[in-house]
Amino acid sequence: MIGWIAMVAGATSGATIGIFFHRDEWMGGYASLRRRMIRLGHIAFFGLGIINVLFALSLFAIPIPLAYARIASPGFAVSVVTMPACCFMTAWRTDFRYLFPIPVAAVLVGLGGLIGGWFVT
């Protein structure tokens, strides 16, 4: 379910920021860090939302032990919340860029749990 919620957040954030994209100098111009981070946050909702949906579908295709799913699931869920948050916060204050290891580690935990579970079965 979190994957689908992320899709809604991606569409909503895209619609919101899309209102201002026609302005050449909005958020410092097309190539500015602020504008790139806003775009990346919007896309992160979709990308990590898809990862969460695919994870859920993967559990039906290749069942993995529950212990591994309990590791992978929170990792993917944390990533879909923290990656867009880090992007949006970095657009606001660049020092927030130092928080990016959190969503990256969360994705790696999710992938490790999923792939590790596949090798056990």
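Note that the coordinates shown come from a computational prediction; the quantities given were computed from them, not determined experimentally.

Draft legend 1. View of helix 1 (residues 2-18). Helix length check: helix 1, at 17 residues, gives a terminal C-alpha distance of 24 Å against a target of 24 Å (1.5 Å per residue), a fit within 8%. Among all positions in helix 1, only Gly3, Ala6, Met7, Gly10, Ser13, Gly14 and Ile17 are buried. An end-on view of helix 1 places all buried positions within 135 degrees of arc, on one side of the element. Pointing more than 90 degrees away from the buried face of helix 1 are the exposed residues Trp4 and Val8. On its buried face, helix 1 sits against helix 2 (33-61) and helix 3 (66-92).

Draft legend 2. Structural detail: the nonpolar core. Residues Trp26, Ile38, Met83 and Phe100 are the most contacted members of the largest nonpolar core, which totals 15 residues. Only helix 1, helix 2 and helix 3 provide two or more residues apiece to this core. When neighbours within four sequence positions are excluded, Met83 is seen to be in contact with Ala44, Leu48, Phe100, Pro103 and Val104. The next biggest cluster of nonpolar side chains, apart from the first, holds six residues, and it includes Phe55, Ile64, Phe76 and Leu114.

Draft legend 3. Helix 4 (residues 101-120), seen in detail. For helix 4, built from 20 residues, the straight-helix expectation of 28 Å at 1.5 Å per residue is met to within 8% by its first-to-last C-alpha distance of 28 Å. Taken residue by residue, helix 4 has Pro103, Ala106, Gly110, Gly113, Leu114, Gly116 and Gly117 as its buried positions. Along the long axis of helix 4, the arc covered by the buried residues comes to 170 degrees, so they all point the same way. The exposed residues of helix 4 that point more than 90 degrees off its buried face are Pro101, Leu108 and Phe119.

Draft legend 4. Broad picture of the packing of helix 3 against helix 4. For the pair helix 3 and helix 4, the least separation of the axes is 7 Å and the interaxial angle reads 155 degrees. One way to sum up the angle between helix 3 and helix 4 is to call them roughly antiparallel. For the crossing formed where helix 3 meets helix 4, the hand is left-handed. Residue composition of the contact of helix 3 with helix 4, grouped by class: 16 nonpolar, seven polar and no charged.

Basis of the calculations
- Along every chain, residues carry numbers that run from 1 in the direction the sequence is written.
- Per-residue local features of the predicted model are confined to residues with pLDDT of at least 70, and side-chain atom pairs are confined, for both listing and counting, to 80 or more; whole-chain, interface and lining totals are unaffected and use all residues.
- Here the side-chain values reflect all heavy atoms present in the structure, with hydrogen atoms and water set aside.
- The way it works is that DSSP assigns letters per residue, a run of H or I at least four long becomes a helix, a run of E at least two long becomes a strand, and they are numbered from the N terminus.
- To estimate how far a helix should extend, the number of its residues minus one is multiplied by 1.5 Å.
- Note on classification: 1.4 Å probe, protein chains only; a residue is buried when its accessible area is under 20% of the maximum for its type, exposed when over 50%, partly exposed between these limits.
- Arc definition: it is the arc formed by the directions from the helix axis to the C-beta atoms.
- Note on contacts: a residue pair is in contact if any heavy atoms of the two residues lie within 4.5 Å.
- Within this scheme, the nonpolar core is defined by two criteria: the residues are buried Ala, Val, Leu, Ile, Met, Phe, Trp, Tyr or Cys, and they are joined through side-chain atoms within 4.5 Å.
- In this description, a line fitted to the C-alpha atoms serves as the axis of each element, helices being fitted only across the stretch in contact, and the angle between N-to-C directions of two axes falls anywhere from 0 to 180 degrees.
- Comment on the angle field: the value is read as roughly parallel under 35 degrees, roughly antiparallel over 145, roughly perpendicular from 65 to 115, and oblique elsewhere.
- With the far helix as reference, a near helix turned anticlockwise by less than a right angle produces a left-handed crossing, and one turned clockwise produces a right-handed crossing.
- The nonpolar class holds Ala, Val, Leu, Ile, Met, Phe, Trp, Tyr, Cys and Pro. Asp, Glu, Lys and Arg form the charged class, and all remaining residues, Gly among them, are polar.

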